[in-house]
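Now for the letters of each chain:
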Amino acid sequence: MDLLRANLHKVRIPEPTNRIHKDECCVSFDTPRSEGGLYVDMNSFLAFGRDHVAWNFEKSENPVYLHIVQRRKPDPEEADRPLKKPTLLAIGVEGGFTEQEPEYDVTFEIVVLPEFISLPFPSVDLPEKVRLAVDKVILAESADRKQQLASWVADKKKISAHAMDLQQLDNGVIVPPSGWKCSKCDKTENLWLNLTDGMILCGRKLWDGSGGNNHAVEHYQQTKYPLAVKLGTITADLEGADVYSYPEDDSVEDPLLAHHLSHFGIDFSSLQKTEMTTAERELDHNTNYDWNRLQESGKDAEPLYGPGYTGLVNLGNSCYMASVMQVMFSTHPFISRYFEKQSLKAAFAISQADPTLDLNMQMTKLAHGMLSGKYSAPTQEVII
Ligand SMILES: [Zn+2]
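Residues numbered from 1 in each chain as written. Predicted model: local features only at pLDDT ≥ 70, side-chain atom pairs only at ≥ 80, totals over all residues. Heavy atoms only, no water.

Draft legend 1. Here's a closer look at the confidence of the model for the chain. On average, residues of the chain score 85 in pLDDT, and 82% of them are at 70 or above. The element-level mean pLDDT for the chain is lowest in strand S7 (residues 152-153), coming to 51, with strand S1 (residues 38-41) highest at 97. (pLDDT = per-residue confidence, 0-100. Helix = DSSP H or I, 4+ residues; strand = E, 2+ residues; numbered from the N terminus.)

Draft legend 2. Here's a closer look at the coordination of the zinc ion. For the zinc ion, the full set of protein donor atoms is Cys182 (SG), Cys185 (SG), Cys202 (SG) and His215 (ND1), and the range of their distances to it is 2.0 to 2.3 Å. Coordination at the zinc ion is tetrahedral: its four donor atoms span angles of 99 to 115 degrees at the metal. Mapped onto the polypeptide sequence, the residues donating to the zinc ion form the spacing pattern C-x2-C-x16-C-x12-H. Placement of Cys185 in the loop between strand S8 (158-159) and strand S9 (191-194) and of His215 in helix H5 (residues 215-223) is noted, with a sequence separation of 30 residues between them. (Donors = N, O, S within 2.8 Å, 3.2 Å for Na, K, Ca; no water. Tetrahedral: all angles 85-135°; square planar, octahedral: opposite > 155°, others 65-115°.)

Draft legend 3. Structural detail: the side chain of Ser251. Within the secondary structure, Ser251 sits in strand S13 (residues 250-253). Aside from chain neighbours lying at most four places away, what touches Ser251 is Lys157, Lys158, Asp242, Val243, Tyr244 and Thr278. (Contact = heavy atoms within 4.5 Å.)

Draft legend 4. A look at the sheet that holds S13. With mixed pairing, the six strands of this open sheet are ordered in space as S8-S13-S12-S11-S9-S10. At either end of the open sheet lies a strand with only one pairing partner, and these are S8 and strand S10 (200-202). Here H5 sits on the sheet in contact with S9 and S10, set at roughly 120 degrees to S10. (Pairing = 2+ DSSP bridges. Axes fitted to C-alpha atoms, helices over the stretch in contact; angles between N-to-C directions.)

Draft legend 5. Broad picture of the nonpolar core. Of all hydrophobic cores here, the largest spans 35 residues; its most connected members are Leu4, Val27, Met42, Leu66, Ile110, Val134 and Val137. For this core, the elements supplying multiple residues, two or more each, are S1, strand S2 (47-49), helix H2 (53-60), strand S3 (64-72), strand S5 (104-112), strand S6 (117-121), helix H3 (128-139) and helix H10 (344-349). Counting contributing residues, this core receives three or more from each of domain 1 (2-153) and domain 3 (302-371). Discounting chain neighbours no more than four positions away, the residues touching Ile110 are Leu4, Val64, Tyr65, Leu66, Ile117, Ser118, Leu119, Phe121, Leu126, Val130 and Val134. (Core = buried A, V, L, I, M, F, W, Y, C linked by side-chain atoms within 4.5 Å. Buried < 20%, exposed > 50% of the residue type's maximum accessible area, 1.4 Å probe, protein only. Domains from an automatic or database assignment.)

Draft legend 6. Spatial organisation of the pairing of S13. As paired elements, S8 and S13 share two bridges and run parallel to each other. Bridging across to S13, Ile159 finds its partner in Glu253. Of the strand pairs in this sheet, strand S12 (residues 243-245) and S13 are connected by three bridges, and their pairing is antiparallel. Residue Val243 lies in a different strand from S13, and its bridge partner there is Val252.

Draft legend 7. Broad picture of unusual backbone geometry. Pro114 follows Leu113 through a cis peptide bond whose omega is 5 degrees. If you trace the backbone, Pro114 turns up in the loop between S5 and S6. Phi is positive for Asn214, which is not a glycine, with a value near 65 degrees. Along the polypeptide, Asn214 turns up in the loop between S10 and H5.

Draft legend 8. Main features of the packing of aromatic side chains. Going through the model one piece at a time under the given rule, you end up with 10 aromatic pairs. When the ring of Trp192 is compared with that of Tyr244, the centres are 6.2 Å apart and the planes differ by 75 degrees; the resulting orientation is edge-to-face. Of this pair, Trp192 sits in strand S9 while Tyr244 sits in strand S12, and the two are 52 residues apart along the sequence. Aromatic rings pair up to connect Trp192, Tyr220, Tyr244 and Tyr246 into one cluster. We note Arg33 situated over the ring of Tyr104; from NZ or CZ to the ring centre the distance is 3.6 Å. Above the face of the Phe116 ring, Arg50 is positioned so that its terminal group lies 3.8 Å from the ring centre. (Phe/Tyr/Trp six-rings, centres within 6.5 Å; stacked < 30°, edge-to-face > 60°. Lys NZ or Arg CZ within 6 Å of the ring centre and 35° of its normal.)

Draft legend 9. Focus on the state of the cysteines. The tally for this structure, following the rule as stated, stands at zero disulfides. Cys25 forms no disulfide, and the closest cysteine sulfur to it belongs to Cys26, at a distance of 5.4 Å. (Disulfide = S-S within 2.5 Å.)

Draft legend 10. Structural view of the sheet that holds S5. With respect to topology, five strands assemble into an open sheet ordered S2-S1-S3-S5-S6, the strand pairing being antiparallel. One side of each edge strand has no neighbouring strand; the edge strands of this open sheet are S2 and S6. In this sheet, adjacent strand axes meet at a mean angle of 35 degrees when their direction is disregarded. Of the pairings in the sheet, the one linking S1 to S3 comprises four bridges and is antiparallel in character.

Draft legend 11. Quick peek at the environment of Lys341. Considering the arrangement of structural elements, one finds Lys341 in the loop between helix H9 (332-340) and H10. Residue classification places Lys341 among the exposed positions, given a relative accessible area of 70%. When the C-alpha atoms of Lys341 and Thr364 are compared, they prove to be 10.0 Å apart, with 23 residues separating the residues in sequence.

Structural data, given as structure tokens:
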């Protein structure tokens, strides 16, 4: 306790404007759930894993830390709890991707470096300044979470610029209520009705060979007729109908859809939904439940672990970023620059005051996290 009192001038009470890090080490991917827990510097409010906190003491001479340890609560009912499947392509909002995590017990203590002297928290024996500062750190919203969980929702559909004055040809075309087929091939699914001439054509070919034969989009390229509706997505209330605008290259809203359909004799009050809309398809792909789409179908892929085989957790829409990072850090220049030729400690030593904002530090952290194998071990946890 005397040691703590002697270092009281090194403890700061956080101001509302301070960024407080308490979820992840700024030079590694250690968290309060890691074996050694996480140490929050009570002067700079930066966080460090057990292996790295001494580097911070060397560099900053800040001796007082809040040590946070989270350990998983035993949950006997866990096996029975169903996983909630997202219904919206979104993060952090109702219906979107959420973190479904088991519960954790959290414990705190005050640790004074370099000897790692530990003092219990909470405790009435602690100096008031320390109690106040630690309470504020615990209650504060973490800087990491502020960034990560900023809500994100896929763009809402816009009203098409081509809907209100769409020219429809008086060509006598009548579209039957069922039994559709592409006019140019044998496809009977993923069919699009062009709202200008009533032509029914198949959709785009997808990267995995599924989908259509591109006949609808080719028809647009020849005719420039802008709007098409996906057959099988039209229902009596027209709510979910999937209208695509080729010139706008997006799913759009057509406020005159009822009128545009009746032009071709379509009685939508009797139609039923038989196909997924583009938005549903996107969501379906993002939930990744069918691994055959992503992996070599029909082959037994063996999970790999160890250096260079570290996966990145998907936040719902971050798989694109993750794959770019995986590719970058499989190339020699990146491996050499940020892993072989630069240690974490060296990057930290030359990093600016806030290492979380230092590009070289963060690239080095990512390289070491992915290439060291430290975070690549067989896991039982379900990751969406
Ligand atoms: Zn076709």
